[in-house]
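In case you want the letters, here they are:
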Amino acid sequence: LVTCFRKQSYEKKELIIVNDQHNITYVSDDPNIKIHNQHNRFKSLSAKRNFSIQMAAGEFIFITDDDDLYYPQYSEILVKHHLDTGADIMKFKYCIRTRKNNFRRIIVKSVGINNGSIRREFLLNNPFNENLTAAEDVELLSRAKAETILNEICLSESRWGLETYRTTNSDH
């Protein structure tokens, strides 16, 4: 994750790492990597995510898995589409590599928000449910749709396979 972060072409970036393992302390000499070593474990991944969002300074939050690889233009493309469309939530669809090394697109909508980005303001107003221990990203989108926060869902047919979501109170 750190290697992919450092290779990102988007310049205005920060990586927030929240470590809640009491017996391990992480440090970084990179000013764009902010490490928060906590002495107590968070009660859920949602609580940890909400804390990270509070610590972030940027306009956009990228929800990433630490075991995934991201190409260098990942954040730059998402930010550009946020700014161009006014979207609050951006998600990538998935592609897989077949055994013959050629790519095949899978036309299956991803249900969560991993592999995407969300405006920080949206997440501050709609935090993750800290009582959940799984599928908190799916629950956040479901809750937003049920409360009619999301009024427009449009699938972008760009070569990047982006899904964009706008909220009813979006001024963008």
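Just so you know, these numbers come straight off a predicted model, no measurement behind them. (Residues numbered from 1 in each chain as written. Predicted model: local features only at pLDDT ≥ 70, side-chain atom pairs only at ≥ 80, totals over all residues. Heavy atoms only, no water.)

Asker: Looking at this structure, how should I read the side chain of Q8?
Answerer: The topology assignment puts Q8 in the loop between helix 1 (2-7) and strand 1 (15-19). Residue Q8 is classed as buried on the basis of its relative accessible area of 9%. Looking at Q8, its side chain comes within polar contact range of the main-chain oxygen of Y71, at 3.0 Å. Each residue touching Q8, except ones within four places of it in the same chain, is listed here: K13, Y70, Y71, P72, Q73, Y74 and S75. (Helix = DSSP H or I, 4+ residues; strand = E, 2+ residues; numbered from the N terminus. Buried < 20%, exposed > 50% of the residue type's maximum accessible area, 1.4 Å probe, protein only. Polar contact = N/O pair within 3.5 Å; in protein donor to acceptor, adjacent residues only side chain to side chain. Contact = heavy atoms within 4.5 Å.)

Asker: Even after reading the chapter, I still don't get the side chain of R119, so can you show me in this structure?
Answerer: Within the fold, R119 resides in strand 7 (residues 116-119). Taking the relative accessible area as the measure of exposure, R119 reaches 3% and is therefore buried. A polar contact of 2.5 Å, which involves the side chain of R119, links it to the side chain of E59.

Asker: I'm lost on unusual backbone geometry in this one. Help?
Answerer: Backbone phi values are negative for most residues with the exception of glycine, while trans is the configuration of most peptide bonds. Located in the positive-phi region is A135, a residue other than glycine, with phi close to 55°. Relative to the assigned elements, A135 resides in the loop between helix 4 (120-125) and helix 5 (136-146). Judged by relative accessible area, which is 45%, A135 ranks as partly exposed.

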